[in-house]
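This is what each chain is made of:
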Amino acid sequence: MPNFSEHIKFFTFLLYMFYPSKTTLIVAGVWASLLLPGWALPIEPMLSNTGGRFLKAVASELEPAVVTFEVALSPNEGAEQLVVRVIDSTKLDLRVLAYSFTSARVTQAMLRAQKRGVKIYMVADEQNNLSSTASPKARGALSALVTAGANVRVTSAYPVHHDKVLISDGQTIQTGSYNYSEAAASKNSENVFVNWNN
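Keep in mind the model is a prediction, meaning the values are calculated, not measured. (Residues numbered from 1 in each chain as written. Predicted model: local features only at pLDDT ≥ 70, side-chain atom pairs only at ≥ 80, totals over all residues. Heavy atoms only, no water.)

Caption draft 1: Seen up close, the packing of aromatic side chains. Within this structure, the stated rule accounts for 3 aromatic pairs. Ring centres of Tyr178 and Tyr180 lie 6.2 Å apart, and the angle between their planes is 70 degrees; on these two criteria the pair is classed as edge-to-face. Classification of Tyr180 by relative accessible area gives buried; the value is 1%. By way of ring pairs, the aromatic residues Phe101, Tyr178 and Tyr180 are connected into one cluster. The side chain of Arg95 reaches across the aromatic face of Tyr121, ending 4.5 Å from its centre. (Phe/Tyr/Trp six-rings, centres within 6.5 Å; stacked < 30°, edge-to-face > 60°. Buried < 20%, exposed > 50% of the residue type's maximum accessible area, 1.4 Å probe, protein only. Lys NZ or Arg CZ within 6 Å of the ring centre and 35° of its normal.)

Quick look at the structure:
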């Protein structure tokens, strides 16, 4: 019966096989080395008996990851500006998951992106944005995006679709507690976390 370290090694290998990227390999290696001190790279012990040449070729092409993280807070501490910077930096496509969507500045940034040819795909919480108790600003913001050609959907699949995520060009991810709303920018205690170009 395999011991704990063999389970970790096998799980790491499976993680890489299902999500084959340099980033996954690096993350899996760090994760496994934290759980198994002294095990520097998760692929090496497995090369001889689980797919050897392909994995060795991938591991040999690894480059050191250059990761840039940025954090901003609110109220009025740069959170909204950081969200707008992510949108303004987008060149190809922007994928958005939103709970609340009433921010005029975020909507304007998305409209600018759409105008310069960025494809926008958005899923927002239906209850919080389109119900009779929702802010009319939410309906207006979503309508403006749809009119501009953005692919906007609302969901009621969950009691609350509470996600707050932007994925810019498949490389930059913005997340955190920050709702895309005026209250998040100027009243609430919120955080924005951006992993740039990773």
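Caption draft 2: How the structure looks around the packing of helix H5 (residues 104-115) against helix H7 (residues 136-148). Between H5 and H7, the least distance of the axes is 10 Å, while the angle of their chain directions is 5 degrees. Relative to H7, the element H5 lies roughly parallel. Along the contact surface, H5 presents Thr107, Met110, Leu111 and Gln114, while H7 presents Ala141, Ala144, Leu145 and Ala148. Here the residues of the contact of H5 with H7 are counted per class, giving 6 nonpolar, 2 polar and no charged. (Axes fitted to C-alpha atoms, helices over the stretch in contact; angles between N-to-C directions. Helix = DSSP H or I, 4+ residues; strand = E, 2+ residues; numbered from the N terminus. Parallel < 35°, antiparallel > 145°, perpendicular 65-115°, else oblique. Contact = heavy atoms within 4.5 Å. Nonpolar A, V, L, I, M, F, W, Y, C, P; charged D, E, K, R; others polar.)

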